[in-house]
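Fold and geometry: a report
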Amino acid sequence: MTDRRHPVDEALRRFAGNPGPSGAERQAMMHRLNDVFHDAGISRPPSKTLRLGWAMALVLVVTGVLVVLQLARPSETSATMEEIASAAEKVNPLDMPDQSYLYIASEWTALAATPAELLEETEFDREHLYYLAPYDREIWVGVDGSIQLKTTRHPPRFFSPDDERVYYEADLDEWEHIGETITETFGPPETVETWPTELEALDQVITSHIAGRERPPDVEYLEEALNILRERLVEPQQRANTLRLIGRLEDLEVVTSDEEGTTFAIEYPDQGIETRMVVTLSPEGYLLAEKAISLEENPAYGIPANTTVSSANYTIPRVVDDLNTP
Amino acid sequence: MAERHQSDAEIIAASLDTPEEFGRIFERHHRAVFRFVAKRRPSRDDAADLTTEIFLRAFSIRRRYDRTRPECLPWLYGIAHNVIGDRLRRSKRDERVYLTAGDIERGRDPSEDSDSRTVAQQASARLNAALAKLSRKDRETLLLYALEGLTYQEISRVLDIPVGTVGSRISRARHRILELIPDLEQIVR
């Protein structure tokens, strides 16, 4: 399978060598890149804590004690999130003995885009074919961070009969292994991403990570905070403080809350299209579901208004003894 | 004591807190990425510009780098593949390959021409023509294997295709080139 002495390969190596960059080209590239690396290092905005501090000071000066009292009364979102965070704190930490795994099952739908060039002989006049790709996934995370991932892809959902025809004519279902279950394993990572537990330290790290991102800060902050909660072993205190920080987001609103869980939403423009991100937490603060809804029609993608363009539903994490046990 | 060699994955992880660290990834791999681009673009200016864009894109998505992979060159090739594809779609150009052995030679004094250089130029031109007749998928797979030296598994990740498909594309591409250049074995001998 790996015969590198094939005459075609030899010919390519011998007669198709390309020169590397000259010194001047290298310097020009490095100059442009260094500017960006440098800016990324110094352009992190002041921490959210600091910004809040300035904002509060200003409010105090302008409107006096009355506003202080108003600030002391938490918003509905932060009050609801505080309730969940308090419950999260009381959950017993998951005990993970050696040779055990954290197990989470989930159902996903993602917006997929296949470049037109991959549809080679199929008639298609847009740059990408867009469709919704559903799949199920199970993840086992070992004590050492190693991972087993089992993914089953299901037939896509299309935005038009024409898109569906193009998809199957180009044999994309074979290419994407529709109907198959694929199991992958990954060894322990060389470096493990860790997050602080203390509230303000966690806030600072999240804030520094989202610097320079494109979407509105509250949306990026929520996305980054959810990263801490997704498919990971999270200590109760860290989960609780992550939820408290989410509760500080001004644009986040409570949609529903009952004994099954609480759903929050935030609306924002995503590449000019009004979008709604919806997140559901269990009463103990476990992430149960998240989705993004395109509220407006996206003509460039052929997506109608009010389409759920991505979603995920998770089971509550639990510890299992082996890689065969769901 | 010799300094421990840091893997690409470790440097990328360090660059999350210290962005300037990513410059070391550029130092390690910019020549390979530049050559990868130059084979697929018509001008050197374009190649330098695209190489910069590839490293900028890599920098912006470095948080998503799979840190279980110590070497990041296949990841950079995957980004390069997408960046070049985007540029091609934007420019609506016919896609071609630009193997520049002939170009290197073209800059020389004609009086320096030797038989061996002429043979190399001719072989390069014939290879260019043959590669241009392959489908993009087959050509890209063969070039990643024969010129970039990636393994089947690495190509599978770069192009997001099964390993078996890598093998069948390489086999088909070689077969087609041998059909188009029947005397290839004599040329490389």
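If you're wondering where the values come from, they're calculated on a predicted model, not measured in any experiment.

A word on the overall build of chain B
From N to C terminus, chain B includes ten helices and zero strands. Helices and strands in chain B line up, N terminus first, as α-α-α-α-α-α-α-α-α-α. Within chain B, the proportion of its 189 residues that are buried is 52%. By sequence separation, contacts in chain B at least 24 residues apart represent 63% of the contacts at least 6 residues apart. Approximately 8,900 Å² of chain B is accessible, and the part contributed by carbon and sulfur atoms is 48%.

Here's the deal with the packing of helix 1 (residues 8-17) of chain B against helix 2 (residues 22-38) of chain B
Residues and elements named next belong to chain B. Look at helix 1 against helix 2: their axes get within 8 Å of each other, and the N-to-C directions meet at 150 degrees. Facing D8, I11, I12 and S15 of helix 1, the residues of helix 2 in contact are F22, R24, I25, R28 and H29. Its residues assigned to classes, the contact of helix 1 with helix 2 shows four nonpolar, two polar and three charged.

Some thoughts on the pairing of strand 8 (residues 273-281) of chain A
Residues and elements named next belong to chain A. Burial analysis of strand 8 places eight of its nine residues in the buried class, the great majority of the element. In terms of strand pairing, strand 7 (residues 261-270) meets strand 8 through nine bridges, oriented antiparallel. Bridge pairing in strand 8 links Y268 to T275. Counted along the chain from strand 7 to the antiparallel partner strand 8, the turn is two residues long, and its residue Q271 has a positive phi close to 50 degrees. Where strand 8 meets strand 9 (residues 287-294), seven bridges bridge the pair, whose relative direction is antiparallel. Each bridged residue has a counterpart across the sheet, and for V279 the counterpart in strand 9 is E290. If you look at the hairpin formed by strand 8 and strand 9, you'll find five residues sitting between the two strands, and G285 has a positive phi there, around 90 degrees.

What about the environment of A32(B)?
All names here are of chain B. Secondary-structure assignment places A32 in helix 2. For A32, a relative accessible area of 17% gives the class buried. Measuring from C-alpha to C-alpha, the distance between A32 and Y77 comes to 9.1 Å, with 45 residues separating the pair along the chain. Once residues lying within four places of it in the same chain are set aside, the contact partners of A32 are L73 and Y77.

Re helix 5 (residues 161-169) of chain A
All names here are of chain A. Among the residues of helix 5, those classed as buried are D163, V166 and Y167. The buried residues of helix 5 occupy one face: seen down the axis, they fall within an arc of 100 degrees. Of the surrounding elements, those touching the buried residues of helix 5 are strand 2 (128-142), strand 4 (157-158) and helix 6 (172-175). Just downstream of helix 5, D171 is the residue with a positive phi angle, here 55 degrees.

Details of the pattern of salt bridges
This model, assessed by the stated rule, comprises 22 salt bridges over all chains. R165(A) is the partner of E169(A) in a salt bridge, and the nearest nitrogen-oxygen pair spans 3.3 Å. Of this pair, E169(A) and R165(A) both sit in helix 5, four residues apart, roughly one helical turn. Judged by its relative accessible area of 46%, E169(A) falls in the partly exposed class. On the basis of relative accessibility, which here comes to 36%, the residue R165(A) falls in the partly exposed class. Measuring nitrogen to oxygen at the nearest pair gives 2.8 Å for the salt bridge that ties D183(B) to R126(B).

Let's talk about the confidence of the model for chain B
All names here are of chain B. The predicted model of chain B has a mean per-residue pLDDT of 76, with 77% of residues at 70 or higher. Taken element by element, chain B is modelled with least confidence in helix 5 (residues 101-106), mean pLDDT 32, and with most confidence in helix 9 (residues 163-180), mean pLDDT 89. With pLDDT under 50 throughout, residues 92-114 is counted as low confidence; its partners more than four residues away or in other chains account for 42 contacts. Note on the complex model: pTM 0.52, ipTM 0.70.

Concerning the nonpolar core
Counting 61 residues, the largest nonpolar core has F22(B), W75(B), L76(B) and I177(B) as the members making the most contacts within it. At nine residues, helix 2 of chain B tops the list of elements feeding residues into this core. Beyond its immediate sequence surroundings of up to four residues, F22(B) is in contact with F37(A), I12(B), S15(B), F55(B), A58(B), F59(B), R62(B) and W75(B). One finds M96(A), L243(A), V254(A) and M277(A) within the second-largest nonpolar core, a separate group that totals 39 residues.

Concerning the packing of aromatic side chains
All names here are of chain A. Going through the model one piece at a time under the given rule, you end up with 16 aromatic pairs over all chains. Between W108 and Y135 the ring centres are 5.9 Å apart and the planes differ by 5 degrees, which places this aromatic pair in the stacked class. Of this pair, W108 sits in strand 1 (residues 101-115) while Y135 sits in strand 2; the two residues are 27 residues apart in sequence, bridging distant segments of the chain. The two residues W108 and Y135 agree in class, both being buried. Both rings, one in F158 and one in Y168, keep their centres 6.0 Å apart while their planes meet at 65 degrees; by these two values the pair is edge-to-face. Placement of F158 in strand 4 and of Y168 in helix 5 is noted, with a sequence separation of ten residues between them. Look at F158 and you get buried, because its relative accessible area is 18%.

Describing the confidence of the model for chain A
All names here are of chain A. Averaged over every residue, the pLDDT of chain A is 81; residues scoring 70 or more account for 85%. Taking the mean pLDDT of every element in chain A, the minimum, 35, falls on helix 3 (residues 48-72) and the maximum, 95, on helix 9 (residues 236-247). Ignoring residues within four places in sequence, the model shows residues 43-74, a span with pLDDT below 50, making 26 contacts including any to other chains.

Observations concerning the environment of P188(A)
Residues and elements named next belong to chain A. Inspection of the secondary structure puts P188 in the loop between strand 5 (181-186) and helix 7 (199-209). Given the relative accessible area of 44%, P188 is considered partly exposed. When the C-alpha positions of P188 and S146 are compared, they lie 4.1 Å apart, and in sequence the two are 42 residues distant.

Cut-offs and rules
- Residues numbered from 1 in each chain as written.
- Chains lettered and ligands numbered in written order.
- Predicted model: local features only at pLDDT ≥ 70, side-chain atom pairs only at ≥ 80, totals over all residues.
- Heavy atoms only, no water.
- Helix = DSSP H or I, 4+ residues; strand = E, 2+ residues; numbered from the N terminus.
- Buried < 20%, exposed > 50% of the residue type's maximum accessible area, 1.4 Å probe, protein only.
- Contact = heavy atoms within 4.5 Å.
- Areas by Shrake-Rupley, 256 points an atom, 1.4 Å probe, with all protein chains shown as cover.
- Axes fitted to C-alpha atoms, helices over the stretch in contact; angles between N-to-C directions.
- Nonpolar A, V, L, I, M, F, W, Y, C, P; charged D, E, K, R; others polar.
- Pairing = 2+ DSSP bridges.
- Arc of directions from axis to C-beta.
- Salt bridge = Lys/Arg side-chain N within 4 Å of Asp/Glu carboxyl O.
- pLDDT = per-residue confidence, 0-100.
- Core = buried A, V, L, I, M, F, W, Y, C linked by side-chain atoms within 4.5 Å.
- Phe/Tyr/Trp six-rings, centres within 6.5 Å; stacked < 30°, edge-to-face > 60°.

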